[in-house]
Structure formats: structure tokens, C-alpha cells
Amino acid sequence: MFATKESVAKLSILTISLLIALKVVASILTGSIAILADAVHSVIDLSGVIIGYIGIKVAGKPADEEHAFGHGKAENIASAVIAGLIFVAAGTIFYQAVSRLISGTMTVESVTIGIYITLAALVINTVVSWHALRVSRATDSIALEATARDMFADVFSSGAVLLGLVLFRLTGLAILDPIVAILVSVIIAGTAYLTIKKSFAGLMDTRLPEAEETELRSCIEEHISELAGFHEVRTRKAGNQRFIDLHLLLPKNVSLEEAHRMCDHLEADIESRLPNSNVTIHVEPCNVECDQCQISSCALRIDVTLGQ
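Small disclaimer: the values here were computed from a predicted structure and weren't measured. (Residues numbered from 1 in each chain as written. Predicted model: local features only at pLDDT ≥ 70, side-chain atom pairs only at ≥ 80, totals over all residues. Heavy atoms only, no water.)

Caption draft 1: View of the overall build of the chain. Counting secondary structure elements, the chain contains 9 helices and 3 strands. Secondary structure elements of the chain occur, N-terminal to C-terminal, as α-α-α-α-α-α-α-β-β-α-β-α. Taking all 308 residues of the chain together, 49% fall into the buried category. Surface accessibility of the chain: about 15100 Å² in total, with carbon and sulfur atoms responsible for 64%. (Helix = DSSP H or I, 4+ residues; strand = E, 2+ residues; numbered from the N terminus. Buried < 20%, exposed > 50% of the residue type's maximum accessible area, 1.4 Å probe, protein only. Areas by Shrake-Rupley, 256 points an atom, 1.4 Å probe, with all protein chains shown as cover.)

Caption draft 2: Structural context of the layout of surface pockets. Size it by volume and the second largest pocket reaches roughly 170 Å³. Contributing to the lining of the second largest pocket are Leu250, Pro251, Lys252, Val254, Ser255, Leu256, Ala259, His260, Cys263, Val283, Glu284 and Pro285. Among the secondary structure elements, those contributing two or more residues to the lining of the second largest pocket are helix 8 (256-273) and strand 3 (277-285). Top contributing element to the lining of the second largest pocket by residue count: helix 8, with 4 residues. Grouping the constituent residues of the lining of the second largest pocket by class yields 8 nonpolar, 2 polar and 2 charged. (1 Å grid on protein atoms, 1.4 Å probe; cavity = no way out; pocket = protein on both sides within 12 Å on 5 of 7 lines; lining within 4 Å. Points joined across faces, edges and corners; volume = space filled by probe spheres on them. Nonpolar A, V, L, I, M, F, W, Y, C, P; charged D, E, K, R; others polar.)

Caption draft 3: Broad picture of a nonpolar patch on the surface. Taken together, the side chains of Leu101, Leu173, Ile175 and Ile179 make up a nonpolar region of the molecular surface, amounting to roughly 310 Å² of accessible area. Position of leucine 173 among the secondary structure elements: in the loop between helix 5 (142-171) and helix 6 (176-203). (Patch = residues over 30% accessible without salt bridge, like charges linked within 9 Å, V, L, I, M, F, W, Y side chains within 5 Å. Salt bridge = Lys/Arg side-chain N within 4 Å of Asp/Glu carboxyl O.)

Caption draft 4: Looking closely at the pairing of strand 3. One ladder, built from 9 bridges, connects strand 2 (residues 241-250) with strand 3; its direction is parallel. Paired with leucine 248 across the two strands is valine 283, which belongs to strand 3. (Pairing = 2+ DSSP bridges.)

Caption draft 5: Highlighting the environment of serine 218. Mapped onto the fold, serine 218 is located in helix 7 (residues 210-221). The class of serine 218 is partly exposed, set by a relative accessible area of 31%. Separated by 52 residues in sequence, serine 218 and isoleucine 270 have C-alpha atoms that sit 9.6 Å apart.

Caption draft 6: Main features of unusual backbone geometry. The backbone of glutamate 232 sits at a positive phi, close to 50°, despite the residue not being glycine. Mapped onto the fold, glutamate 232 is located in strand 1 (residues 229-238). Positioned with a positive phi, asparagine 276 is a non-glycine residue whose angle comes to about 60°. On the secondary structure map, asparagine 276 appears in the loop between helix 8 and strand 3.

Caption draft 7: View of the sheet that holds strand 2. What the 3 strands build is an open sheet, ordered 1-2-3; its pairing is mixed. If you trace the sheet from one side to the other, it starts and ends with strand 1 and strand 3, each paired once. Mean inter-strand twist for the sheet, computed between neighbouring axes without regard to direction, equals 10°. Pairing of strand 1 with strand 2, which is carried by 8 bridges, proceeds in the antiparallel orientation. By the bridge assignment, glycine 229 is partnered in strand 2 with leucine 249. Docked against the sheet, helix 7 engages strand 1 and strand 2, running at close to 145° with respect to strand 1. (Axes fitted to C-alpha atoms, helices over the stretch in contact; angles between N-to-C directions. Contact = heavy atoms within 4.5 Å.)

Caption draft 8: Expanded view of the packing of aromatic side chains. Tallied over the entire structure, the rule returns 0 aromatic pairs. The residue whose ring lies beneath arginine 236 is phenylalanine 243, and the NZ or CZ to ring-centre distance is 4.2 Å. (Phe/Tyr/Trp six-rings, centres within 6.5 Å; stacked < 30°, edge-to-face > 60°. Lys NZ or Arg CZ within 6 Å of the ring centre and 35° of its normal.)

Caption draft 9: Structural detail: the pairing of strand 2. Most of strand 2 is tucked away: 8 of the 10 residues are buried. On the question of chirality, the crossover connecting strand 2 to the parallel strand 3 by way of helix 8 is right-handed. (Right-handed = clockwise from strand over helix to strand, strands pointing away.)

Caption draft 10: Region of interest: the nonpolar core. If you look at the biggest cluster of nonpolar residues, it comprises 28 residues, and the most contacted ones within it are Ile93, Val161, Leu165, Ala181, Val184 and Ile188. Residues contacting valine 161, with those up to four places away along its chain left out, are Ala34, Ile35, Asp38, Thr118, Val180 and Val184. (Core = buried A, V, L, I, M, F, W, Y, C linked by side-chain atoms within 4.5 Å.)

Caption draft 11: Examining helix 1 (residues 5-30) more closely. With 26 residues, helix 1 ought to run about 38 Å at 1.5 Å a step, and its terminal C-alpha atoms sit 36 Å apart, in line with that. Residue glycine 31 follows helix 1 closely and has a positive phi angle near 75°. (Expected span 1.5 Å × (residues − 1).)

Caption draft 12: View of the pattern of salt bridges. Summed over all chains, the structure comprises 6 salt bridges. Taking the shortest distance from any N to any O, the salt bridge between glutamate 257 and arginine 261 comes out at 3.2 Å. Pair noted here: glutamate 257 and arginine 261 are both in helix 8, with a separation of 4 residues, about one helical turn. The class of glutamate 257 is exposed, set by a relative accessible area of 55%. According to the relative accessible area criterion, arginine 261 is partly exposed, its value standing at 22%. Close ionic contact of arginine 273 with aspartate 269 constitutes a salt bridge, the shortest N to O distance being 3.6 Å. Of this pair, arginine 273 and aspartate 269 both sit in helix 8, 4 residues apart, roughly one helical turn. Note on arginine 273: relative accessible area 27%, which makes it partly exposed. With a relative accessible area of 16%, aspartate 269 lands in the buried category.

From the geometry alone we can't say anything about function, so treat these as descriptive.
Here is the structure:
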């Protein structure tokens, strides 16, 4: 249950809606600017989660005539929008906190109720955001990861608010409330930066991470005894879809059927190691004279069982 990115996105929407209700009630009862700031963050979280859910649904559509490479970048776009909303949340909270400091209006009431409600919100958010992050990694969904990071930022902000309320309860210093709110805004802005950085990487067709490219090259090099070489390896990612293209050098005496078999085998091997990969291979004959070639397959031919 709640194992797919779509179902987790729906769970996140329900959870954040509940958190908003809890925080609004707490802010009304206590008058705390920090709790109100946390509630504003959750409202923007909800907008982000809805956008993320739409992005996930669009990205899941198969390729069509107008989008031959699929709709994967819809997740990157949704993630970037979510990051923008997180920045807005950070700016709103910071403005409200500074205004409260300047005006000197720093009255907090019913602190105990605020502590209990904030603690409940923190626990609920921690459980759901952790699950969302775990599923986002399992499904390689950048939109769901953005949602999870946004919710994790909410966990940190609620934690900071809880700390501020506890300190106020112990010391009676109301100034701690807007100070904590400012701290919350900084935490949220940091999360937004990480989210938008990863989103733009996909939109700008940034190459796959070094670890994945190393895995790709290792996969190709395992067949080096049947290859004359490879070059012009290019990679990129859109949503959870990986796109890989490369030029493969094969011995001159390899037949078209054998070359096709080698490409099919290599594509399947790459896709088994790097899921959701779309591999394009351009085959070229080697430019070395056959009597000088060191590739065993030039003399022995490619083993017809290679693809089995």
C-alpha cells in the first residue's frame, strides 16, 4: 500500500492538508508567528505536492507523435515549480518574522497547546516524508523527491518552532518566537536551493552522475574482446528516463546480423544495470587493417551465443 509514486503523492496531499488544519488552529490559539510561518509553509507545500502529482501523471504518459522522447521532463518542470514555491514560503516567513521583531509585537499564549500540536504535526510529517523519499528513490521520481524534500523542510521548521516554544515556556522570552521563524526561513531556502539545482540538471540535459557513467563504461568494457572500441558516449536524463547514445566500433568482417545481435545484447545489459534507459548505438567499422587487428573476433568471428 502506498508503494507507487502516484499513491504516495495522494498520501502527501492528505497529510499536508491535515497539517495545515493543525497549524492554523495552533497559530490562532497561541498567536505565535513561528507557528503561523510554519502553517504558511505547509500551505505552499500543498500547492507544491499538487503540482508534483500533476507532473508525475504527465511524465507517466507514453511517448507520442509530438513527444517522441516521452514526457519525463514534466517531473523536472514540476520539481522546479515546487522549488520556486519553497523560496516563496521562505521569503514570506522571513518577512513576517522581521516585521514582528521591528513592531515589537511578540505575545504568545497557550504555549502548552502549541507545543502538543506542533509535536503531533512533526511526528506525522516525519513518517510521511520519510516514506515519500524512500519511494522517490525506488521509483527514481524527481518530482516525488522534491515533494519529500519539501516535507522534510517542514519537519525541520516544525522542529525549530517546537524548540522555540519550549524555550519560551522555560524562559518567558517572547523574542525567541520571531527569531525561530527567521531560522525556519533559512532552512526552507536551503531546501529550495537543493531541489531547484537537481531540477535544472534534468532540464539542461546534464550528463548522468559519475557513478552511473562508470557503470555504463564498465558494462561496455566487459565486451571489449568482441569490440574494436567505442567513443562519443553521451548521456542525459529526463524525469526517471535515462537517454544514452554511443558509437560502437566493430571488426570489419562482422556481418550485419552479428552487429545487430551485439547491439541488442549490449542494450539489454545496460538497461539491466541502469533502469529506464533508452540506448541508441551507432555502429562503425574499425579503421585498422585486418592483419594488424588485435581483436580476437576478427579471426574467430563473434560468438553467436553472445546474445543468449
